[in-house]
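One-letter residues, chain by chain:
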Amino acid sequence: MHIDQVNERILEAAEAEFARHGYHEAVVSDIAARAQVGKGTVYRRFGDKQSLFASLVRRGLAELQNGVEAVVDRESEPKQALLAVLDVYFDFFDQARDLIAITILEGVKITSGIHDELRQEVKKVLALFGRIFANGMQEGFFKTGDPHKMAFLLHEFIWSVLRGAIFFGYNPRQEYGPDMAEIFLYGTTNPNVK
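Residues numbered from 1 in each chain as written. Predicted model: local features only at pLDDT ≥ 70, side-chain atom pairs only at ≥ 80, totals over all residues. Heavy atoms only, no water.

Caption draft 1: Fine view of the pattern of salt bridges. Summed over the entire model, instances satisfying the criterion amount to 10 salt bridges. Of the charged contacts in the structure, one is a salt bridge between Asp4 and Arg45, with a shortest N-O distance of 2.8 Å. Taken together, the positions of Asp4 in the segment before helix 1 (5-21) and Arg45 in helix 3 (residues 39-46) put the pair 41 residues apart, joining distant regions of the chain. Given a relative accessible area of 30%, Asp4 falls into the partly exposed group. Residues Arg34 and Glu17 are paired through a salt bridge, measuring 2.8 Å at the closest nitrogen-oxygen approach. Highlighted residues: Arg34 in helix 2 (residues 28-35) and Glu17 in helix 1, separated in sequence by 17 residues. Relative accessible area serves as the criterion here: at 4%, Glu17 is assigned to the buried category. In this structure, a network of salt bridges that share partners links the residues Asp87, Asp91, Asp94 and Arg173. (Salt bridge = Lys/Arg side-chain N within 4 Å of Asp/Glu carboxyl O. Helix = DSSP H or I, 4+ residues; strand = E, 2+ residues; numbered from the N terminus. Buried < 20%, exposed > 50% of the residue type's maximum accessible area, 1.4 Å probe, protein only.)

If you want it as structure tokens, here you go:
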């Protein structure tokens, strides 16, 4: 697939400017200057600032989806698939911490016009999670249940830890990575206590 280098430069510049100034204080002319293009080029390619931000979110969701899809295609063992999915999210956090922070802090208001479209993108990731749970249930690894609910719970569990990393400034992989898989897979109760 051919990647449009100009669009990519604009998106990278936008992410940097939004991270530096916040969505409302970021200025399209500064984004254009950072991307080494004219302001008109930004507007022609992305429309307004809100559409540019939405394009950043779409790009991030596409990266996550591609990473999770690769895991689902590669890992046949359910536990390994879940551990690999956590790594995908931690890698994404390491690469796109600023985008995640902007989206968490300002994203809902900014993307309200395309909220349904973004929800559909998230549903694609949830469907991939669901495949992991459905396969694991067929193999007897997971107890029988609704794989879509399990997918949603895992997704929200991961995002709650990532949101906490933004608010409290910790490294989610180091601080909670090993515990997350253990808690999600086996719970918090001591199996020796009745």
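Caption draft 2: Representation of helix 3 within the structure. Of all the residues in helix 3, the buried ones are Thr41, Val42 and Phe46. Within helix 3, the buried residues cover an arc of 100° as seen down the axis, which keeps them to one side. In this fold, the buried residues of helix 3 make contact with helix 1, helix 2 and helix 4 (49-74). Downstream of helix 3 by one or two residues, Gly47 has phi in the positive range, about 80°. (Arc of directions from axis to C-beta. Contact = heavy atoms within 4.5 Å.)

Caption draft 3: Layout of the nonpolar core. Among the nonpolar cores identified, the biggest contains 61 residues, and Phe18, Val68, Tyr89, Phe129 and Ile158 are the most heavily contacted of them. Contributing elements (two or more residues each) for this core: helix 1, helix 2, helix 3, helix 4, helix 5 (78-110), helix 6 (115-138), helix 7 (147-168) and helix 8 (172-186). The greatest single-element share of this core, amounting to 16 residues, is contributed by helix 5. Aside from chain neighbours lying at most four places away, what touches Phe129 is Val68, Val85, Tyr89, Ala151, Leu154, His155 and Ile158. (Core = buried A, V, L, I, M, F, W, Y, C linked by side-chain atoms within 4.5 Å.)

Caption draft 4: The arrangement of helix 1 in detail. Its 17 residues give helix 1 an end-to-end C-alpha distance of 24 Å, which sits within 8% of 24 Å, the value for a rise of 1.5 Å per residue. Taken together, the buried positions of helix 1 are Ile10, Leu11, Ala13, Ala14, Glu15, Glu17 and Phe18. Between the side-chain oxygen at the start of helix 1 and the backbone nitrogen of Val6 there is a gap of 2.9 Å, and the oxygen is on Asp4. In the stretch just after helix 1, Gly22 is the one whose phi turns positive, near 85°. (Expected span 1.5 Å × (residues − 1). Polar contact = N/O pair within 3.5 Å; in protein donor to acceptor, adjacent residues only side chain to side chain.)

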